[in-house]
Amino acid sequence: MGGWGGVRLKDVTQNFTGPSSIVFRGERASNFEQIAIRESQLGFNAIRASFAPYCSVQYGLSNSSPPDFMGNYTQGELARALSIVEYFNMWIIVDYHGYAEFTNSTMINCWLSFWFGPNRASGPTGVVGAFKDEYSRIVWEPLNEPDSGSFPVNTTPWCIQNPVQCETNMTTYASEQYQSWLNKDRRMGDTHWVVAQNLCSYACDLDRTQAYLDYPKLNDTAQRVYESLHTYVYYPKMVEHVAYDANNNTKFDFGDTAIVGFIDDNTPLSSDSKLKFVNATTKVGETWSRGKAVIYDVNNDNIFDTGDIPVTGNVPPLGTMLKSDPLIRFVESDANGVWDGWNNSTGDTAARQDYLNMLNETSRLGWPVLNTEGGAFCGSMCPYVAPGAAGYSSVSLRYIQDILSYEDSNVPRIGQMLWAAASWTSTPNGGVYGALNPGQWGTIITSGTFTTIPITHDVAVTGFDVGDTTIRAGAKALVGVGVRNAGEIGEKDFNVTLSSNNTIIGQQTVPSLPIEAVLSLSFTWNTSQVRPGNYVLTVVAGPVKGQAISDNTRTIGVSVIDGRESLPSNGFAGLFLPSVSAAIIIAALVGGLTMVLRRKAA
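Since the structure is predicted, the reported quantities are computational estimates derived from the model, not experimental observations. (Residues numbered from 1 in each chain as written. Predicted model: local features only at pLDDT ≥ 70, side-chain atom pairs only at ≥ 80, totals over all residues. Heavy atoms only, no water.)

Just checking my understanding: could you explain the sheet that holds strand E22 (residues 491–500) for this structure?
The strands that make up a sheet pair up through hydrogen bonds in the backbone, lying either parallel or antiparallel. What the 5 strands build is an open sheet, ordered E20-E26-E25-E22-E23; its pairing is mixed. Both edges of this open sheet fall to strand E20 (470–472) and strand E23 (503–513), since each of them pairs with a single strand only. Ignoring strand direction, the axes of neighbouring strands in this sheet form an average angle of 25 degrees. Alignment of E20 against strand E26 (residues 553–561), held across 3 bridges, turns out to be parallel. Looking at E26, one finds that Thr470 is bridged to Ser559. (Pairing = 2+ DSSP bridges. Helix = DSSP H or I, 4+ residues; strand = E, 2+ residues; numbered from the N terminus. Axes fitted to C-alpha atoms, helices over the stretch in contact; angles between N-to-C directions.)

How should I be thinking about the sheet that holds strand E5 (residues 193–197) in this particular structure?
Spatially, 8 strands are ordered E6-E5-E4-E3-E2-E1-E18-E17 in an open sheet, and the strand pairing comes out parallel. Edge positions in the sheet fall to strand E6 (225–228) and strand E17 (370–371), since each of these pairs with one other strand and no more. Relative to E5, strand E4 (residues 138–141) is paired through 2 bridges, and the arrangement is parallel. Across the sheet, residue Trp140 finds its bridge partner in E5, namely Val194. The sheet contacts of helix H3 (residues 75–87) involve strand E2 (46–51), strand E3 (91–96) and E4, and relative to E3 the element is tilted by about 155 degrees. Sheet strands touched by helix H7 (residues 163–187): E4, E5 and E6. Its angle to E5, the strand with the most contacts, is close to 170 degrees. (Contact = heavy atoms within 4.5 Å.)

Honestly, the state of the cysteines in this entry has me stumped. Any pointers?
Note on terminology: disulfide describes a covalent bond linking the sulfur atoms of two cysteines. Overall, the coordinates contain 4 disulfides when judged by the stated rule. Residue pairing for Cys159: its cysteine sulfur links by disulfide to Cys166, the two sulfurs lying 1.9 Å apart. Every disulfide takes its handedness from the sign of the S-S torsion; for Cys159 and Cys166 that torsion is 80 degrees, giving right-handed. The exposure class assigned to Cys159 is buried, which follows from its relative accessible area of 3%. For Cys166, a relative accessible area of 0% gives the class buried. (Disulfide = S-S within 2.5 Å. Buried < 20%, exposed > 50% of the residue type's maximum accessible area, 1.4 Å probe, protein only.)

What follows is the structure in structure tokens.
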């Protein structure tokens, strides 16, 4: 599956300035519906719907502003979201968009009760209990990005002194929490796919080439686990850091400004004359100050042109004048005397490393990969061509294009949810669609399309039994019918109809039949007004709207004889029953001995 995230569950409420809804007649289309339409038009088949982390909000650990920015969960909003994705035959990743839920036992218990109940926000059986039987194309995402820095194990003296080696302990701890979630989910009878997150998606102390070691190790009785790595290239980590040495003493100390990265006190600073800033005025003595973009002037011509490297700040138009300031210095990491920034090869290398991490996960743990976030966002200090959550830089765009090319062109193909298609982004001209708005990076990249398969609606008749195929006229014959929902969505308010030679005997309405549920119904055929003869009994379930599979009808041949006639004298009246369901027990008297015979369905 492939698609986009960023849209929130709360975005299912109608947008009164939007076009007419095609899902909810008489309403205006919500932002959620508009984004689903946009994705469908572009060849995607999945959408990631997020909501605020209930427990982090309750305990003051949410890092969003406001804490519930992503929207508080409601059952009604998820139901509306499912109606929208069902209409477009899409998958939905239901994203608990939090980070700190593994902080302690109080948070973990809150998190589990939210998902499985009882909980005041999600009901007596939680989110899963309310929707486990409603729609087959749900992927649960129990936690967006676990913050390993919040884990209790991270605060032990040994882990503080040995952060790299401690990663194993933190991954084990996260695996235990995910496993606890999975165990509760499967015991509840849920069989949906579940996605677990690599700890490096938030932050880790491993080298990028070792990130595969931070995937959770899980067991699943349903064999439906995806593992995810959020695929971004964050700018400060990929370059030598840059500072403004205000007191000109060639070390970073009080009063100096970290332009790029996080720099420790007393770190030595080096000079490179090609580090320049965008000349905002014509003043001769102009120097760099906060907010002015910095450029690496590769050809040293004091003009921003093709080949120059943006260091930080919004990328200026080609031809913009550049100016030197010798106090712009950098942190040397390889003793080559020049600032080592990022370029296309930086993006290429990072993408290759991340793709190999995905392959290593599947090789080691055996689970398929579905990356639930990835994109061209590259951190607050990144030199953006277009800023904001739906923005991009030239290198981060190159990186995500590489990732998509790897995922699309190799076997097995890897699913990816990109970020962010949303109305809340601060990216200029993002509109309702964010990165999918015309001209934004989501329309610049090349991506393969994903198959959209119509949702299966299938109410099947699985059993049809008559107590005896030879019936005395005037008798009441008991008829049993078994019905199963073999489709991908719970069905409501359909009829099950029994008829004889096209004459309706009886009809029952089924108010609700969840996915995989089996229902047994009983009909009584009163033959008091039926003439002797041969009849064909037919049962029909539904059909429900959208049903294309013809397994909803069964027939049985029966004979009605005159009430004065004797039943067949074989001693076993009704033995030869055309049963197609469970074993039928038949009792007969043979020489004074009562025998119980079982005849299995054919």
